[in-house]
Amino acid sequence: LGDGAGMFLPLLRVTRMSRTLRFSNHRLRQFMDDKVALEFRVDGVNDEQRSFAYARYTHAGDGESKEWRPCIAKRLGQRRSEIQWLFSSPSAVSPQGVASADM
């Protein structure tokens, strides 16, 4: 393979993507996972168990001030939900990026 001057043509094999190829090829698997992650929009979550919502957050160390924050609400009952905040308060994270123990 080559023209005799030390240059080699790259070998290229074109194959159809299949389930077997996806599980055997790490690069393809990573590409597909990245593609799915980029297409996922958290504000589009809305099913029987959980929904995107805004919930009132109370700042404990700031005079109990309140603000509305985006979250995922998991339905527990008729009017009860478990809240998972989409981002944490800057005061709840230590400078090293580890959550403090008083959360």
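Scoring rules and cut-offs
- Residues numbered from 1 in each chain as written.
- Predicted model: local features only at pLDDT ≥ 70, side-chain atom pairs only at ≥ 80, totals over all residues.
- Heavy atoms only, no water.
- Helix = DSSP H or I, 4+ residues; strand = E, 2+ residues; numbered from the N terminus.
- Buried < 20%, exposed > 50% of the residue type's maximum accessible area, 1.4 Å probe, protein only.
- Contact = heavy atoms within 4.5 Å.
- Areas by Shrake-Rupley, 256 points an atom, 1.4 Å probe, with all protein chains shown as cover.
- Patch = residues over 30% accessible without salt bridge, like charges linked within 9 Å, V, L, I, M, F, W, Y side chains within 5 Å.
- Salt bridge = Lys/Arg side-chain N within 4 Å of Asp/Glu carboxyl O.
- Phe/Tyr/Trp six-rings, centres within 6.5 Å; stacked < 30°, edge-to-face > 60°.

*Asks:* What should I look at first to understand the overall build of the protein chain in this one?
*Replies:* Helix and strand counts for the protein chain come out as two helices and three strands. Ordering the α and β elements of the protein chain from the N terminus gives α-α-β-β-β. The buried share of the protein chain, reckoned over its 103 residues, is 14%. Relative to all contacts within the protein chain whose residues are 6 or more apart in sequence, the contacts with residues 24 or more apart total 20%. With the model as given, the accessible surface of the protein chain reaches about 9,400 Å², and the carbon-plus-sulfur share is 53%.

*Asks:* So what exactly am I meant to see when it comes to a nonpolar patch on the surface here?
*Replies:* The grouping of Phe-40, Val-42, Leu-86 and Phe-87 at the surface amounts to a nonpolar patch, some 340 Å² of accessible area in total. Here Phe-40 shows up in the loop between helix H2 (26-39) and strand E1 (50-58).

*Asks:* I tried to follow the environment of Ala-53 on my own but got confused; where do I start?
*Replies:* Turning to its location among the elements, Ala-53 is positioned in strand E1. Owing to a relative accessible area of 23%, Ala-53 belongs among the partly exposed residues under this scheme. In this view, Ala-53 contacts Arg-69, Pro-70, Cys-71 and Ala-73; residues no more than four positions away in its chain are not counted.

*Asks:* What's the story with the pattern of salt bridges in this structure? I'm lost.
*Replies:* Side-chain pairs of opposite charge can arise where the charged atoms are in close proximity. Summed over the entire model, instances satisfying the criterion amount to three salt bridges. Arg-22 is paired through a salt bridge with Asp-33; the nearest N and O atoms lie 3.3 Å apart. With Arg-22 in helix H1 (residues 19-24) and Asp-33 in helix H2, this residue pair connects regions lying eleven residues apart in the sequence. Overall, Arg-22 belongs to the partly exposed group, its relative accessible area being 29%.

*Asks:* In this structure, what is going on with the packing of aromatic side chains? I would like to understand it.
*Replies:* Scanning the entire structure with this criterion turns up two aromatic pairs. Judged by centre distance (5.4 Å) and plane angle (80°), the ring pair of Phe-52 and Tyr-54 falls under edge-to-face. Given the relative accessible area of 22%, Phe-52 is considered partly exposed. Under the relative-accessibility criterion, Tyr-54 is labelled exposed at 53%.

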